[in-house]
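One letter stands for each residue in the lines below.
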Amino acid sequence: MTQPTDKIRPRRAAIAIGLAATLLAGCGAGEQDTGTAPVSDAGYREILAYCGAEEPTGGPAQRGGWTLAPRYHYDSPAYDVTSLVSPSGSTLNEALRVQVDVHDYRGVTGTFIGAGYQEPEWKMGVILGTALPARTAACVASLAKVIAPPYVPAMPGVTPPRQPGNTLSWRSKWSPAVPVDTVPGAVIDGFEYVSTFDAPAGLVFFTLSKSRHAGTAGLAICYQPPAGGSWDCAAVETSDLGKDWGVSRRGARSGVYVVAAPKA
């Protein structure tokens, strides 16, 4: 698992270019889809709190303004989260990516040691090319939360016990144990999309390294709504990004998403 050096990660310049432009071409990016019905103030503030987001002031709080804030949640469980907030709403003239790091958790059971180097392009999340309604509060958070072993302080003359590795807990806002074992395939990674609005014209995407995936045949992106139930799986749409694959499915709704490969 990549360990960032700063508690608050800098905003990346590539938020609205590259993969976003590739995936949104011809997918209704220009549609002015303002999502669901008006959101209550209580619902708006509940999602702000869950996402760990702050309501902006000044220009971003005015009509047409928004903030996008990636960060790393260090407390156990640890996970990536990126929040999007637009108190007064905005019409987007660019493809906006709400994203976190993507990893490969196939075969991970029990304790594990985190992965090493993480390319900046390896991301997963949603791409919004539509209007943001007033009281927009949303975030993309890693579905695989990392549980660290308990801390044992050093004591003079005492050899501390060997610490076990990290463990994974697949959990979301709606479930403390998302049933990834019922996905029809080998889950690579996933995220939860928590939002005050749905974006039917948006995209769910994963950027996967060609070094780990020779092709995208058989890959599926599966969705489970907040209420739970069966997984809705769809074959991916693929974009060749040079050294990486961009895989996606259309529509961004609140709930959880995973990308899965055929089982070996």
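Look up: the structure comes first, before these words.
Keep in mind that what you see is a predicted model, and the values were worked out from it rather than measured. (Residues numbered from 1 in each chain as written. Predicted model: local features only at pLDDT ≥ 70, side-chain atom pairs only at ≥ 80, totals over all residues. Heavy atoms only, no water.)

Trainee: Would you take a moment to explain the overall build of the protein for this structure?
Mentor: A tally of helices and strands in the protein yields 2 helices and 14 strands. Among the 264 residues that make up the protein, the fraction classed as buried is 50%. A fraction of 77% describes how many contacts in the protein between residues 6 or more apart in sequence connect residues 24 or more apart. For the protein, the exposed area adds up to about 12300 Å²; of that, 56% sits on carbon and sulfur atoms. (Helix = DSSP H or I, 4+ residues; strand = E, 2+ residues; numbered from the N terminus. Buried < 20%, exposed > 50% of the residue type's maximum accessible area, 1.4 Å probe, protein only. Contact = heavy atoms within 4.5 Å. Areas by Shrake-Rupley, 256 points an atom, 1.4 Å probe, with all protein chains shown as cover.)

Trainee: Quick question: what am I supposed to make of the state of the cysteines here?
Mentor: Counting across every chain of the model gives 2 disulfides. Cys51 shares a disulfide with Cys139; S-S distance 2.2 Å. Disulfide Cys51-Cys139: torsion about the S-S bond near -70°, hence left-handed. Placement of the pair is Cys51 in helix H2 (residues 41–51) and Cys139 in strand E5 (residues 136–142), with a sequence separation of 88 residues. One disulfide bridge connects Cys222 with Cys233, the sulfur atoms lying 2.1 Å from each other. The sign of the S-S torsion, about 110°, decides the handedness of the disulfide formed by Cys222 and Cys233: right-handed. Taken together, the residues span a long stretch of sequence, with Cys222 in strand E10 (residues 220–224) and Cys233 in strand E11 (residues 232–235) at a distance of 11 residues. A residue is classified by how much of its surface remains accessible, and Cys222, at 1% relative accessible area, is buried. When the bonded cysteines of the protein are counted from the start of the sequence, the pairing works out to 1-2, 3-4. (Disulfide = S-S within 2.5 Å.)

Trainee: Got a minute to help me understand the pattern of salt bridges in this structure?
Mentor: Pairs can form between side chains of opposite charge whenever their charged atoms are close. Per the stated rule, a full pass over the model turns up 14 salt bridges. Close ionic contact of Asp41 with Arg45 constitutes a salt bridge, the shortest N to O distance being 3.3 Å. Placement of both Asp41 and Arg45 in helix H2 is noted, with a separation of 4 residues, approximately one turn of the helix. By relative accessible area, Arg45 is classed as partly exposed at 39%. (Salt bridge = Lys/Arg side-chain N within 4 Å of Asp/Glu carboxyl O.)

Trainee: What am I meant to see in the sheet that holds strand E8 (residues 186–195) here?
Mentor: Judged by pairing direction, the sheet is antiparallel, and its 7 strands sit side by side in the order E1-E2-E5-E8-E14-E10-E11 without closing on themselves. This sheet does not close on itself; its edge strands, each paired only once, are strand E1 (67–73) and E11. Put simply, the sheet's adjacent strands are angled 20° from each other on average, direction ignored. When E1 meets strand E2 (residues 79–86), the two strands line up antiparallel, connected through 7 bridges. Counterpart to Ala69 in the pairing with E2 is Ser83. (Pairing = 2+ DSSP bridges. Axes fitted to C-alpha atoms, helices over the stretch in contact; angles between N-to-C directions.)

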